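So the chains spell out like this:
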Amino acid sequence: MHQLSKDGKLKNLLTIEGLKKEHIIEILDKAEGFFTPDSGEIIQTNHLQNKTVANLFFEPSTRTRSTFELAAKKLGASVLNLDISHSSTSKGESLRDTVRNLQAMQCQLFVIRHHTSGACHFIAEQIDPKVAIINAGDGCHAHPTQALLDMFTIRKHRQDFQKLSVAIVGDILHSRVARSQIHALHILRAGEIRVIGPKTLLPAQVEKLGVHVFHDLHQGLKGVDVIMMLRLQTERMQKGLLPQGNAYYRQYGLTTETLSLANPNALIIHPGPINRGVEIQSEIADSPNAVILDQVTNGIAVRMAVMSLLMNNANKGSL
Ligand code: CP
């Protein structure tokens, strides 16, 4: 595994699986330190001065790509955003060769989003150990910084994970976010983790992930403290997985009615992009307990924490 050094330090961030509670808490605490206590603004630092961060996004992104760029700049790094559609990928260059060439341009930290599950692990195995890789979402596999910023947001608003019943709702089957969230919630010892969705959108034997499974939204939302909504990832779906028309919204949409089944003041999070009227009622997405935009802001600080930690560990020569 190319994520932890022999002395247990984080050298790449590829997945939440295999991390210890201490790793996650270290990142969340570090991220908290990047906010000013009075105004809640994110500070400018020089932690990554003289470093270059390369953003390689082989799939579209608004939040992850932009917040990684902002985070790198807040740490004083230079940022190279490779425009994949105009890069030599279109001439047949492999991901490995692209990364090796960018490394020759003295990029030290690579943020990679790729449609293939396992792409970041593959690169981490192949590449010079002096550079660090961050998985910004690979296929249906993992999106570790999303899960970390979600945990940061839950901790900020609800503190004690052990007291929380958390429901993840929607297209779990295609969701790298859900997989990473489930691992993170287990590591932080959340009181209960539920997954709610139609059979066609839940992975086979999902209960083996240590979650309670519900196919009925009304049953699943009863008494939960945190609701993690997911978008339908139609770009990864085969035909026939979804009910026709707006039947999905009627059965699985978070609305004023279905939300009333959860505990009062249940926290609502969503990784984005949100599809109003598909998985969530527009008014609910904009309601005070929906902290969806706060998640985005927190993503800057959490990504700063991850990049700063990885470069710090690399400088100390963790092998
Ligand atoms: N949450 C998330 O990954 O959003 P983007 O696809 O916009 O980066």
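Residues numbered from 1 in each chain as written. Predicted model: local features only at pLDDT ≥ 70, side-chain atom pairs only at ≥ 80, totals over all residues. Heavy atoms only, no water.

Q: Any details on the layout of surface pockets? Residues and values, ideally.
A: Taken as a whole, the largest pocket encloses approximately 420 Å³ of empty space. Looking at the lining of the largest pocket, the elements that each hand over two or more residues are helix H2 (63-74) and helix H6 (176-187). Its residues placed into classes, the lining of the largest pocket shows five nonpolar, eight polar and seven charged. Two domains each provide a minimum of three residues to the lining of the largest pocket, namely domain 1 (21-141 + 297-315) and domain 2 (144-292). (1 Å grid on protein atoms, 1.4 Å probe; cavity = no way out; pocket = protein on both sides within 12 Å on 5 of 7 lines; lining within 4 Å. Points joined across faces, edges and corners; volume = space filled by probe spheres on them. Helix = DSSP H or I, 4+ residues; strand = E, 2+ residues; numbered from the N terminus. Nonpolar A, V, L, I, M, F, W, Y, C, P; charged D, E, K, R; others polar. Domains from an automatic or database assignment.)

Q: Give me the lowdown on the pattern of salt bridges, citing residues and values where you can.
A: A complete count under the given rule lists 11 salt bridges for this structure. For lysine 130, the salt bridge is made with aspartate 128, and the minimal N-O distance between the two is 3.5 Å. Accessibility expressed as a relative area gives 65% for lysine 130, which makes it exposed. For aspartate 128, a relative accessible area of 25% gives the class partly exposed. Where aspartate 286 meets arginine 276, a salt bridge forms, and the shortest distance between an N and an O atom there is 2.9 Å. A residue pair is termed long-range when its members are at least 10 positions apart, and aspartate 286 in the loop between helix H10 (282-285) and helix H11 (292-315) and arginine 276 in the loop between strand E9 (267-269) and H10 qualify at 10 residues. Relative accessible area serves as the criterion here: at 55%, aspartate 286 is assigned to the exposed category. Judged by its relative accessible area of 43%, arginine 276 is partly exposed. Each of Asp29, Glu32 and Arg155 takes part in a single network of salt bridges with overlapping partners. (Salt bridge = Lys/Arg side-chain N within 4 Å of Asp/Glu carboxyl O. Buried < 20%, exposed > 50% of the residue type's maximum accessible area, 1.4 Å probe, protein only.)

Q: Can you break down the sheet that holds strand E2 (residues 78-82) residue by residue, with the values?
A: Read across the open sheet, the four strands follow the order E2-E1-E3-E4; overall the sheet is parallel. Two strands close off the open sheet at either side, each with one partner strand: E2 and strand E4 (132-138). Strand after strand, the sheet turns through a mean of 15 degrees between neighbouring axes, direction not considered. Pairing of strand E3 (residues 109-114) with E4 involves five bridges; the strand directions are parallel. Considered in E4, the bridge of leucine 109 is made with alanine 132. (Pairing = 2+ DSSP bridges. Axes fitted to C-alpha atoms, helices over the stretch in contact; angles between N-to-C directions.)

Q: Please give an account of the site of the ligand that cites residues and values.
A: Taken together, Ser61, Thr62, Arg63, Thr64, Arg113, His143, Gln146, Pro271 and Gly272 make up the full set of residues adjacent to the ligand. A distance of 2.8 Å separates an oxygen atom of the ligand from a polar backbone atom of threonine 62. Here proline 271 contributes a backbone N or O atom positioned 2.8 Å from a nitrogen atom of the ligand. Within the complex, 90% of the 250 Å² of free accessible area of the ligand lies under protein. Among the detected pockets, the ligand sits in the largest pocket. Its residues placed into classes, the shell around the ligand shows one nonpolar, six polar and two charged. Here the shell around the ligand spans two domains, since at least three of its residues come from each of domain 1 (21-141 + 297-315) and domain 2 (144-292). (Near = heavy atom within 4 Å. Polar contact = N/O pair within 3.5 Å; in protein donor to acceptor, adjacent residues only side chain to side chain. Areas by Shrake-Rupley, 256 points an atom, 1.4 Å probe, with all protein chains shown as cover. Sits in = over half its atoms within 2 Å of the grid points.)

Q: Tell me about unusual backbone geometry, and please be specific about residues and values.
A: The omega angle of the peptide bond from glycine 272 to proline 273 is -5 degrees, so this bond is cis rather than trans. The backbone phi angle of glutamine 205 is positive, close to 55 degrees, even though this residue is not glycine. Take glutamine 205: it is sitting in the loop between strand E6 (192-196) and strand E7 (212-214).

Q: Break down the packing of aromatic side chains for me, citing the residues and quoting the values.
A: Following the criterion strictly, the structure yields two aromatic pairs and no others. Seen from their ring centres, phenylalanine 35 and phenylalanine 152 are 6.0 Å apart, and the 25 degrees between their planes marks the pair as stacked. Of this pair, phenylalanine 35 sits in the loop between helix H1 (21-32) and strand E1 (52-57) while phenylalanine 152 sits in helix H5 (residues 144-158), and the two are 117 residues apart along the sequence. (Phe/Tyr/Trp six-rings, centres within 6.5 Å; stacked < 30°, edge-to-face > 60°.)

Q: Tell me about the domain arrangement of the protein chain, and name the residues and values.
A: On domain assignment, one finds that the protein chain holds domain 1 (21-141 + 297-315) and domain 2 (144-292). Here domain 1 and domain 2 have C-alpha centroids that lie 26 Å from each other. The partner domain 2 presents 23 residues to the 26 residues of domain 1 that form the contact. When domain 1 packs against domain 2, close to 2100 Å² is buried across both sides, 61% of that on carbon and sulfur atoms. The tally of links from domain 1 across to domain 2 stands at three salt bridges. Note that glutamate 32 and arginine 155 form a salt bridge whose closest N and O atoms lie 3.1 Å from each other. Elements that contribute at least two residues to the side of domain 1 that touches domain 2 include exactly H1, H2, E3, E4 and H11. Looking at the side of domain 1 that touches domain 2, the element that brings in the most residues is H1, giving eight residues. Considered class by class, the residues forming the side of domain 1 that touches domain 2 number 11 nonpolar, seven polar and eight charged. (Contact = heavy atoms within 4.5 Å. Buried area = accessible area lost by both parts, 1.4 Å probe.)

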